[in-house]
Number of protein chains: 2
Amino acid sequence: MADFKTKYFTMKEEDAIAYSKSILNFFDPNAKLTCKEIGDGNLNYVFRLVDEANNKSLILKQAGPIARISDEFKLSPDRNRIESEILALQGKLAPGLVPKMYHYDPIMNCFAMDDLSDHQIMRAALIEHKKFPLFADHISTFLVNTLLLTSDVVMDHKEKKELVGDFINPELCEISEDLVYTEPFYDCPRNDVFEGSREFVKEHIWKDEKLQLETAKLKFEFMTNAQSLIHGDLHTGSVFIKEDSTKVIDPEFAFYGPAGYDVGNVIANLIFAYVNGKFTISDNAARDDFTTYIENTIKDIVDLFKEKFIKAWDENATERVAKYEGYREYYLDNLLRDTAAVTGLELCRRIIGLAHVKDITSIQDKDARTKAEKIALTIGKTCILQRQTMKTGNDYVSLVKDTQQRF
Amino acid sequence: MADFKTKYFTMKEEDAIAYSKSILNFFDPNAKLTCKEIGDGNLNYVFRLVDEANNKSLILKQAGPIARISDEFKLSPDRNRIESEILALQGKLAPGLVPKMYHYDPIMNCFAMDDLSDHQIMRAALIEHKKFPLFADHISTFLVNTLLLTSDVVMDHKEKKELVGDFINPELCEISEDLVYTEPFYDCPRNDVFEGSREFVKEHIWKDEKLQLETAKLKFEFMTNAQSLIHGDLHTGSVFIKEDSTKVIDPEFAFYGPAGYDVGNVIANLIFAYVNGKFTISDNAARDDFTTYIENTIKDIVDLFKEKFIKAWDENATERVAKYEGYREYYLDNLLRDTAAVTGLELCRRIIGLAHVKDITSIQDKDARTKAEKIALTIGKTCILQRQTMKTGNDYVSLVKDTQQRF
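Here we summarise the structure given alongside this text. Quantities reported herein were computed from a predicted structural model and do not represent experimental measurements.

**Digging into the interface of chain A and chain B**
Okay, step 1: Across the contact, 41 residues belong to chain A and 41 residues belong to chain B.
Okay, step 2: Counting each side, the surface lost to burial between chain A and chain B is near 3,500 Å², with a carbon and sulfur contribution of 68%.
Okay, step 3: If you sort the residues of chain A by the area they bury against chain B, A:Lys161, A:Phe220 and A:Tyr324 come out on top, with a joint share of 18%.
Okay, step 4: Summed over the shared surface of chain A and chain B, the number is six salt bridges.
Okay, step 5: For A:Glu319, the salt bridge goes to B:Lys219, with nearest N and O atoms at 2.9 Å.
Okay, step 6: The interface formed by chain A and chain B includes 10 residue pairs in polar contact (both at pLDDT 80 or more).
Okay, step 7: When residues of the side of chain A that touches chain B are traced back to their parent elements, those giving at least two are α5 (157-166), α6 (170-182), α8 (209-224) and α11 (327-352) of chain A.
Okay, step 8: Of the residues forming the side of chain A that touches chain B, the biggest block, 11 residues, is contributed by α8(A).
Okay, step 9: Taken together, the residues of the side of chain A that touches chain B break down into 17 nonpolar, nine polar and 15 charged.

Have a look at this one:
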């Protein structure tokens with residue numbers, strides 16, 4: 001049997017079974033287990049272990065030694081510690097909204113967690129134009145609880161600084177710094193621009209020095225503003241969902257950064273779902289139904305976020321100066337400004353940069369995809385440049401609808 | 001002989017001699033050493049070891065187990081590691097402007113460094129109204145090199161993040177958060193307000209809700225903005241000086257924070273020296289000579305800082321987006337805004353808060369001291385509220401001169 005206690009190696013399916021039998025105290029010792037590697041991400045191996053006779057299952061997630069996204073990104077498996085620690089913390093801050101974490105193993109760089117196979121990855125579900133009426137409520141709670149409750153507004157400042165140290169995450173942050181904040185905004189060889197959009201990108205993004213200056217300001221804020229313990233990659237591919245349940249997964253990009261980063265990522269990826277609906281649903285009523293659902297969800301997320309944030313602030317703030325007249329409004333205002341900026345960055349980088357989203361790439365018609373990309377880029381650029389003005393759910397919905405009508 | 005290799009204990013003078021003989025390879029093995037504890041700070045024991053026959057001497061600095069400032073602040077001796085590591089780093093970034101560091105001992109929580117007994121603590125020298133024409137040049141170099149070269153503008157971002165982790169400094173930061181940003185701005189029992197100034201403080205500081213709101217914004221920036229590896233306590237009591245040499249000492253408050261914090265502390269403490277000169281030098285010509293020297297020094301520090309900062313940026317910036325048109329100006333502008341804010345905070349907190357400066361407390365005449373305090377508080381409040389407008393050396397000199405004439 002493989003030795004799991006001495007030295008890291010990347011597991012195969014049979015190793016995952018042996019591991020769960022010898023290390024995890026989860027399945028019956030005599031259970032007949034099957035295992036399948038189901039990872040579709042770029043960085044990790046994800047094993048689904050099933051004991052069919054007893055109807056039990058578990059996920060074992062192991063960090064690969066090198067990111068599979070590209071050999072250029074070499075990632076230390078320490079991200080697995082970060083992911084398991086933050087899952088445990090988020091599970092306390094936002095109960096029920098992340099998978100349960102069972103076991104972390106610093107030698108094999110793996111951890112075990114709930115099997116969520118009855119859930120679906122939200123991006124895939126949205127591309128099938130499914131609707132999840134509880135999502136806005138769930139995700140706004142997740143965002144408020146994980147972001148506000150890890151900030152200096154609420155936490156003891158010394159404990160918060162220790163957390164900052166625990167979650168320093170140089171390699172994963174570098175990926176975001178490059179792929180989100182830098183490469184999309186100039187003609188970088190690693191970009192991957194759809195042929196139909198190339199001229200538009202050249203003209204409206206790469207030539208815009210004012211836009212570039214704003215991305216520089218935002219990149220430095222991303223690198224220096226240790227505001228909240230953020231998820232760091234909260235797109236719809238990091239959400240497992242079913243009608244009555246939302247689980248945020250894959251927090252391996254977590255670090256102390258600007259709180260608006262997570263909120264903006266959620267909004268941007270809903271805008272991709274909206275654009276996908278616009279261009280792929282042929283039936284008028286069905287299209288309107290889906291896009292209206294997305295509009296309402298975006299609106300609700302922003303407005304519920306604000307409402308819950310203010311309530312949680314009033315209930316939980318411990319920092320004396322945070323209670324000074326006007327500070328809460330100033331803080332939330334800045335958070336919403338950052339939210340708009342990141343919404344814009346995510347919309348641009350998923351069109352121009354290395355990592356695309358299926359909401360857009362699955363649009364088969366070339367002209368439709370070009371239009372969809374121009375809409376996303378135009379909304380994105382506006383969100384970056386006019387981030388001071390994006391303060392309500394309606395601000396987003398109006399921008400999306402107005403922009404969509406121009407193409 | 002005491003055992004230095006197993007367990008920390010606070011040394012007496014005879015232990016320091018034994019330590020240097022058994023651990024440090026600095027003095028001749030047969031040298032006759034004398035030792036005197038010369039610490040006048042609150043947190044540490046400072047032993048001066050002298051071999052008179054051979055004209056050699058050394059400083060051994062040991063962190064005490066509990067801050068001597070007050071039993072309320074309990075400080076882990078880890079600050080000694082922070083101090084020795086940053087002295088080594090600053091010695092590389094700003095050669096000749098910090099004492100040479102010889103040896104760090106993580107068990108005894110002490111380190112050895114150059115004996116600077118031929119230098120004088122700058123605050124004491126300024127109270128004697130001595131002038132140091134090279135100080136503006138030296139300190140502006142120190143500030144630019146230590147602040148810019150440790151930022152994301154210049155450093156590899158992954159290495160910078162590791163440094164952020166190494167210099168997380170919860171206990172010392174808490175002291176600054178409390179004593180600089182919080183307590184002076186309300187009627188906190190730990191404040192120590194001179195009787196003559198009490199009404200003025202009540203009326204113009206504690207009742208000013210707009211000022212309080214600004215201190216809240218600044219406190220959160222201090223806690224979250226990991227911009228540069230700052231000294232964290234760069235007042236004139238942290239500078240050893242003689243005519244041709246400036247050495248910045250006592251960096252135990254170091255952490256990644258807003259770069260303007262160090263610059264502002266230097267300026268504020270020169271303003272205290274200016275006010276001291278105004279009220280304690282009776283001879284008109286001598287008074288004008290000294291205060292004009294301080295005015296010119298403040299002016300030169302701000303203007304040389306800007307000039308050297310721009311030059312160092314152009315020579316050393318590695319971050320691509322930092323080179324975008326307009327970003328350098330935006331960055332420097334924010335740094336100068338933070339500088340003004342901290343100038344103001346330091347001026348207020350040294351008058352109102354727990355820790356005073358001798359420049360003010362040594363003014364014997366009660367009315368003169370009251371006037372001096374009102375001037376410092378008025379300049380301080382203006383620097384905080386109008387921090388956006390303080391951009392040149394002349395802005396500071398004009399504010400100081402104008403305010404001084406009003407009292």
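**Some remarks on empty space enclosed by the protein**
Okay, step 1: Applying the stated criterion across every chain yields a total of three cavities of 30 Å³ or more.
Okay, step 2: Here the largest cavity is characterised by a volume of approximately 360 Å³.
Okay, step 3: Around the largest cavity sit 28 residues that line it, and A:Val164, A:Ile168, A:Ala226, B:Val164 and B:Ala226 are the ones nearest its centre.
Okay, step 4: Elements represented by at least two residues in the lining of the largest cavity include exactly α5, α8 and β10 (255-257) of chain A together with α5 (157-166), α8 (209-224) and β10 (255-257) of chain B.
Okay, step 5: Tallied by class, the residues present in the lining of the largest cavity amount to 18 nonpolar, six polar and four charged.
Okay, step 6: The space that makes up the second largest cavity amounts to roughly 60 Å³.
Okay, step 7: A:Tyr181, A:Leu218, A:Glu221, A:Phe222, A:Pro258, A:Tyr261, A:Asp338, A:Ala341 and A:Val342 are the residues that line the second largest cavity.

**Focus: the state of the cysteines**
Residue and element names in this part refer to chain B.
Okay, step 1: Counted according to the given criterion, the structure contains zero disulfides over all chains.
Okay, step 2: Here Cys 173 is not cross-linked by a disulfide; its sulfur's nearest cysteine counterpart is in Cys 188, at 19 Å.
Okay, step 3: Residue classification places Cys 173 among the buried residues on the basis of a relative accessible area of 2%.

Thresholds applied
Residues numbered from 1 in each chain as written. Chains lettered and ligands numbered in written order. Predicted model: local features only at pLDDT ≥ 70, side-chain atom pairs only at ≥ 80, totals over all residues. Heavy atoms only, no water. Contact = heavy atoms within 4.5 Å. Buried area = accessible area lost by both parts, 1.4 Å probe. Salt bridge = Lys/Arg side-chain N within 4 Å of Asp/Glu carboxyl O. Polar contact = N/O pair within 3.5 Å; in protein donor to acceptor, adjacent residues only side chain to side chain. Helix = DSSP H or I, 4+ residues; strand = E, 2+ residues; numbered from the N terminus. Nonpolar A, V, L, I, M, F, W, Y, C, P; charged D, E, K, R; others polar. 1 Å grid on protein atoms, 1.4 Å probe; cavity = no way out; pocket = protein on both sides within 12 Å on 5 of 7 lines; lining within 4 Å. Points joined across faces, edges and corners; volume = space filled by probe spheres on them. Disulfide = S-S within 2.5 Å. Buried < 20%, exposed > 50% of the residue type's maximum accessible area, 1.4 Å probe, protein only.

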